[in-house]
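Close look at the chain arrangement
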Amino acid sequence: MMNQDTIAAIATAVGEGGIAVIRVSGPGAVSESAKIFRSKSNIADASSHTVHYGHIVDPQTDEKVEEILLTVMRGPRSFTAEDVVELSTHGGVVAVKRVLELLLRQGGVRIAEPGEFTKRAFLNGRIDLAQAEAVIDLIRSKSDRAFSVAMKQAEGTLSKRVKALRHNLVELLAHIEVNIDYPEHDVAEMTSSYIREKSEEAVAEIDRLLKTASEGKILREGITTAIVGRPNVGKSSLLNALVQENKAIVTDIAGTTRDVIEEFVTLGGIPLRLLDTAGIRETTDVVEQIGVERSRAALTDADLILFVVNAAEPLQADDYKLIEQLGGRPVIVLLNKTDLPVVADTEELAARFKPESIVRLSVLQEQGLDQLEKVIADMFFGGELESADLTYVSNVRHIGLLHQAKQSLIDGMEATASGIPIDLVQIDVRTAWEQLGEVIGDSVAESLIDQIFSQFCLGK
Amino acid sequence: MGYEAGQFDVIVIGAGHAGCEAALAAARMGCETLLLTINLDMVAFMPCNPSIGGPAKGHVVREIDALGGEMGRNIDRTFIQMRMLNTGKGPAVHALRAQADKFLYQHTMKKTIEETEHLTLRQGMAEELLVENGACVGVITKTGATYRAKTVVLTTGTYLRGKIIMGELMYESGPNNQQPSVRLSQSLKELGLELVRFKTGTPPRVHKDTIDFDKTEIQPGDENPKFFSFETEYSDNEQLPCWLTYTSEETHRIINDNLHRAPMFSGAIEGTGPRYCPSIEDKIVRFADKPKHQIFLEPEGKHTSEYYVQGLSTSMPEDVQLQILRSIPGLERVEMMRTGYAIEYDAVVPTQLWPSLETKVVPNLFTAGQINGTSGYEEAAGQGVMAGINAARKAQGKEPVIIERSQGYIGVLIDDLVTKGTSEPYRLLTSRAEYRLLLRHDNADLRLTPTGYEIGLIGEERYAKFQQKKQYVEEEIERLKSVKLKAEQPVQDMLAELGSAPLQFTTDALTLLRRPEVNYSHVERFVPSPVELTEDMKEQVEIQIKYAGYIEKQLIQVERLSKMEKKRIPDNIDYSDVHGLASEAKQKLTNIRPLSIGQASRISGVTPADISILLVYLEHYNRVTAARG
C-alpha cells in the first residue's frame, strides 16, 4: 500500500439542514478522530462497522463543539480498503467546518487531494480495472477545478498577505543558510534573539490572518452565481430582493465599485456569491462595452447562471445570443415580470433548457423566489453544482495550514530558547515557510537558493 | 594511420578530480582500466583554490571516503592547514576544510594511480568516441590510437572547447593555459548530446615575499586537526596560516572606472556563470552598497611562494588586475605571478543522464564532473566515484548503484542534476539537502560504508573496524538509557557549574545528556563506559542522543517517501499513451524518463495530480501485465 498518511474531506455537499459527513481514511483515521471525540465508549477499541454517539471536543479548551454520530469501518472492509471513520455532524457551513478544522489541527490528518479517496480505493484494489480511466478522469477534472479555484484566490488579499509573510521568512532562512554554508563570510552572525524576534512577528501576522479568516472577510466562499440578461429585464431588482431578505455571510467586499456588483447571500442554506452584471447586448458605446466585456468574463467564471428574461416581451436577438452562449452550462432561466401578461416564447425556452430549470417569478410582487430557492437547492444537492465545496474545502485547508505554520514557528522559538543550534531551528522555520507556501500553492526549494544569492554577496 | 592500441574494460577520459576517482574505483573493482589525460603533469591538478572541503563539500569528501574513494586519504596526506568550520552550530553542519599543498596533492594522487593494479595511466588527447550499434565501444586519440572498452567515462572538466578571457584578450585554451579539447565536443554533438556553454573563473596568484602580512589578520589552522578519511588516525603535517584582508574604496573605484573593459559587462562572455562564485567586478556592481569585501590570502604549497587571492576572481585585463591588487591593504607592493581569468567551456545538459550517470542516448557512455554542469573539486570527485563504480558494474554485467537523497549529499547532487538539470554551474549547498540532519559529516561512514563494502571498494579489515564502531555506539546508547544518576551533591554541583537546573529525582544518563548544556564528558564522570570508547564513538553517541527528536522527525519523512522511491516505473512506458496526464507532464516525463515515482515527483512541472494519474496508470498496467502472466 502506497499511502501511509491519513486524509480527510467533507463527503457531502455543503448546505444548511440535514447532515454533513466528514470522511477520514488511513492508518490514523481512528486514533486521530479519537483525539477530538468524547463518548462513553473508547472508539480506539471499537469494532468495525459500529456507530457511536458523542461529542466533538476541542482538546485544548475542552469545549464541546458539536454533537455527532461517528462510524468506524476498519480496512479492508471499507470504501478505500483502509481504516475509515465517518463523522456525521449537523448540516450547515459552520458546524462541519469547525469539526474538520479541529481534526486537521491535531497534526496527523491532512486534507485529501481532489479525487484521492477514489484513487486510494483503486490502488488498494477496491475498484475494478475497467474503471481505471474513469478514476483518472475524476482526478484530472477535480484537480483542474481545484487549480482554477486556487488561481482565483491567488489574486486575493489573503494571498498578498501570505506572500509578504513568506518573504520575511525566506529572508530569515537565507540569513541562517548563509551562516551555515559560508561560515567565514562577513555577514552578521545569526542570533537566537533575532530568530525569536522575526518568528514572533510572523506569529502575530498569522494570528491576525486567522482572526480575519474566522470573521469570513478574507476567505470568500460560495457558489459563484452570475445574474445575466439583456438590459432592463430586472436583474438588479432581483439582486436587491435576494440580498434584502437573505443578506448573510459577508458584505462590503472590495470590488463593488466595479461594473460587476458582488454580494454574498445564503439561499436555502446554500452560500452564494452573487454577481450582478451589466446588461449584455451589442453596443458601440466604449464605456458600456467595457461593462459588457466584464459581464461576459463573469459569465465564463460562474458556477451557476441566473438568466433573466422579460416575460412581458417577445424574445429578442440579444436573448437568443445569450441562449447560444449558455448551452451546456448550469443555468436557471427566470421568467420575470409574470405579473404582466406573458408574451415571451416559453416553448422556445422549454426546448432549449431543462423544464425544471425554468422558474416563473415576479420580483416586483415577490412571487416565485421560493421556487428559485428550491431549484438551486435541487441542483446543488443533485451534484450539478460543485464549486462551492471545493472553494470551501480549500478554505478549511488554508486555516489548517495557517495553524500548522504557527505551531512550527512556536516550536522553533521554544527550540531557540532551550539552546538548540540554529541549523536545527531552521528546520522549524522552513517547515512554516513551506506550509504557508501550500496556502498559496507555491513551494519550491530553489526560491530559497535564489534568495541566498540575491541577498548576500558571496564568492571566492 | 590509425592503430589498435588496446582493449580495456573501462576507459576514463580526463584525469582531474572526477577522472581520478572514476579510474581508481573501476580498477579497484577489478576492471582493466585506462586513464587518458591530455597532459600527465596535470593529474589531479587544482586549477582554482588550493583547498578542499567546507560545508556540504567536506561532507561529500567523507562520503567518497566511505565508498572507498581516494580524495579524503589524499588530502589527509597533503594538507597544510585543517579547520573545522561551523563548530558553534549543530553537528549536521560542522564541516572540515583543508588547505592543500596543491603540488604535493597532485603528485601523491598520481603516484597512487601509478601504483594501482589494473590501472593504466597514459597521456593522449581523445578526439572521437567510437560507437557501434548505437553504443560506445571506445575512443580514438589525436595520435591515431584506438582504445576499445566495454564502457567509457568522460570527465573532461572545463577542457571542452575551453576559451580563456582576460579583458579584451580571448583565446582557445583549457584551464591554466593547457591545450583545450576541441574535436571531442563535435563528436558528442554528432552522437545527439545537447551541450550548453558555462563560465567560471579564477583569481590572480601573487608572490609571498611582496605581501605585507602585518596589514592582514592571521587565520591559523586547528591545533588538534580532524581528518577526512576514516582511515587516517594521525598526521604530523606542519600547518601554515591563511591571511585575511579587505578590498578598499580605491579597489571599488578602479573597478567601476574600468567596467567598460570587463568582459562580464561588455558582452564578450556568453556562458552562464555561477551566482555563488561571482567575479569581483560582479560583486561590486550587484552589491554596490557594500563598502568592502573579504580577501583571503592562501598559500598554494610548502615549496612555492605563490599565494592564491581568494575573493578576487576576475576577468579584467591584466593591467587592471594589478591595479586592483595593489589597492588592497597588505598588497600595495605585490607582484602578480599569474593573471586571473574567466573560462568558458561546453557542458552536457545533465538531464540527458540516468541516475547511474550513463547517458541515455549513448549506452555505455558515462559522464562525470564539470562536464555535467557542476563546479568544485568535491562535486566532481563525488560524481567521479559513482560513474567509475557504475561503469565498472556495467562492464561486469551488474545493476547500477544509486545513492538516495536520504543517504548522502552525493545522492542529492546527482538526483538534482539528472532530474532538474541546472541553469548555471551547480554547487552543493547544505540547504539543497532536505534531510540535512541525517546527512552529517560525522556519520558519513555509518551511512555509506556498507555500500562501499558491498561494491567491493572497502576491504574486510576496515569493514570489521566500522562494524565494531557501530556496535559500540549502539550498545553505549542502550547502556545510558538504563544507568541512573541520583540527585546527589556531586551531580548537582556539576549541573550548577554548567548553569543547568538541579535534578529533582533520580534520572537516567540519557535524559540528562539531552540537556543542551550537558555533554558526554560530563555524564562520563559519573557513569563511565565499561569498554574503552574512541572520541569518535563518544561524539556519535552524544549526537544521536541529543538530537534524537529532530532526527526522528526526518526519519519519519524518509520512511513516508521511501514507498514512492521504491515504486519503480517500467522503462518501456509510453507517456503519450497515459490518458489524463497534462501535456507539460507528458513532455517532461518523456524527456527525463524517471526510474521511480519519487524521482518523477521531483520534476518541475509534474503536479501531484499527474503523479496520482501515473500511479493509477501503473496499477492498471501491472494488473494487466500480471493477468497476462
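Given the structure is predicted, the values throughout are model-derived calculations rather than measurements.

Some points on the overall build of chain B
Scanning chain B from terminus to terminus reveals 21 helices and 22 strands. The C-alpha atoms of chain B give a radius of gyration of 26 Å, which matches the 25 Å a tight globule of 629 residues would have. Projected onto its principal axes, the C-alpha coordinates of chain B cover approximately 85 × 80 × 50 Å. With 629 residues in all, chain B has 62% of them scored as buried. Residue pairs in contact within chain B that sit at least 24 positions apart in sequence constitute 73% of those at least 6 positions apart. Accessible surface for chain B amounts to roughly 24,500 Å². Of this, 48% is attributable to carbon and sulfur atoms. One finds the centroid of the 72 positive side-chain charges in chain B at a distance of 4 Å from the centroid of its 84 negative side-chain charges.

A short note on the sheet that holds strand S18 (residues 336-338) of chain B
Residue and element names in this part refer to chain B. Taken in spatial order, the six strands make up an open sheet running S14-S15-S16-S17-S13-S18, and their pairing is antiparallel. Unpaired on one side and paired on the other, strand S14 (217-219) and S18 mark the two borders of the sheet. Pairwise comparison of adjacent strand axes, ignoring direction, gives a mean angle of 35° for this sheet. Two elements, strand S15 (residues 242-246) and strand S16 (residues 294-299), share four bridges in a ladder whose sense is antiparallel. Bridge pairing in S16 links Tyr 246 to Gln 294. On top of the sheet, helix H9 (residues 318-326) reaches strand S13 (205-207), strand S17 (306-310) and S18; it is set at about 130° to S18, its chief contact.

Considerations on the UniProt feature "binding site: FAD" (unreviewed entry) in chain B
All names here are of chain B. In this numbering, the UniProt entry assigns the feature "binding site: FAD" (unreviewed entry) to Gly 14, Ala 15, Gly 16, His 17, Ala 18 and Gly 19. Turning to its location among the elements, Gly 14 is positioned in the loop between strand S1 (3-13) and helix H1 (17-28). The exposure class of Gly 14 is buried, given its relative accessible area of 14%. Apart from the residues within four sequence positions on either side, Gly 14 is in contact with Gly 19, Leu 35, Leu 36 and Thr 155. Relative to the elements of secondary structure, Ala 15 occurs in the loop between S1 and H1.

Some thoughts on the packing of aromatic side chains
All names here are of chain B. Considering all chains together, one arrives at eight aromatic pairs over all chains under this definition. Ring geometry for Phe 79 and Phe 227: centres 6.3 Å apart, planes at 50°, overall tilted. Note that Phe 79 is positioned in strand S4 (residues 79-85) and Phe 227 in the loop between S14 and S15, a separation of 148 residues in sequence. Pair check on accessibility: Phe 79 and Phe 227 agree, each one buried. Measuring from ring centre to ring centre gives 4.7 Å for Phe 213 and Trp 243, while their planes differ by 45°; the resulting arrangement is tilted. In this pair, Phe 213 sits in the loop between S13 and S14 while Trp 243 sits in strand S15, placing the two residues 30 residues apart along the sequence. Residue Phe 213 is classed as buried on the basis of its relative accessible area, which comes to 18%. Given a relative accessible area of 16%, Trp 243 falls into the buried group. Aromatic rings pair up to connect Phe 213, Trp 243 and Tyr 307 into one cluster.

Observations regarding the domain arrangement of chain B
Residue and element names in this part refer to chain B. Here chain B is partitioned into domain 1 (205-341), domain 2 (460-554) and domain 3 (567-627). The partner domain 2 presents five residues to the four residues of domain 1 that form the contact. Around 460 Å² of area is buried between domain 1 and domain 2 when both sides are counted, 49% of it from carbon and sulfur atoms. Taken as a group, Lys 226, Phe 230 and Glu 231 account for 87% of the area that domain 1 buries against domain 2, more than any other trio of residues on that side.

Let's talk about the pattern of salt bridges
Residue and element names in this part refer to chain B. In total, this model carries 69 salt bridges over all chains according to the counting rule given. Between Glu 335 and Arg 326 there is a salt bridge whose closest N-O contact spans 3.3 Å. Taking relative accessible area as the criterion, Arg 326 reaches 32% and is therefore assigned partly exposed. Glu 619 is paired through a salt bridge with Arg 623; the nearest N and O atoms lie 3.0 Å apart. Here Glu 619 pairs with Arg 623, and both are found in helix H21 (residues 608-628), just four residues apart, close to one helical turn. Its relative accessible area of 22% is what places Arg 623 among the partly exposed residues.

Topic: the confidence of the model for chain B
When pLDDT drops low, the exact placement of atoms in the prediction is not to be read closely. With 100% of its residues at a pLDDT of at least 70, chain B reaches an overall mean of 94. Predicted as a complex, the structure gets a pTM of 0.81 and an ipTM equal to 0.86.

Cut-offs applied
- Residues numbered from 1 in each chain as written.
- Chains lettered and ligands numbered in written order.
- Predicted model: local features only at pLDDT ≥ 70, side-chain atom pairs only at ≥ 80, totals over all residues.
- Heavy atoms only, no water.
- Helix = DSSP H or I, 4+ residues; strand = E, 2+ residues; numbered from the N terminus.
- Rg over C-alpha atoms; globule rule 2.2 N^0.38 Å.
- Buried < 20%, exposed > 50% of the residue type's maximum accessible area, 1.4 Å probe, protein only.
- Contact = heavy atoms within 4.5 Å.
- Areas by Shrake-Rupley, 256 points an atom, 1.4 Å probe, with all protein chains shown as cover.
- Lys, Arg positive; Asp, Glu negative; His and termini not counted.
- Charge placed at Lys NZ, Arg CZ, Asp CG, Glu CD.
- Pairing = 2+ DSSP bridges.
- Axes fitted to C-alpha atoms, helices over the stretch in contact; angles between N-to-C directions.
- UniProt positions renumbered as here; feature names shortened; annotations may be inferred.
- Phe/Tyr/Trp six-rings, centres within 6.5 Å; stacked < 30°, edge-to-face > 60°.
- Domains from an automatic or database assignment.
- Buried area = accessible area lost by both parts, 1.4 Å probe.
- Salt bridge = Lys/Arg side-chain N within 4 Å of Asp/Glu carboxyl O.
- pLDDT = per-residue confidence, 0-100.

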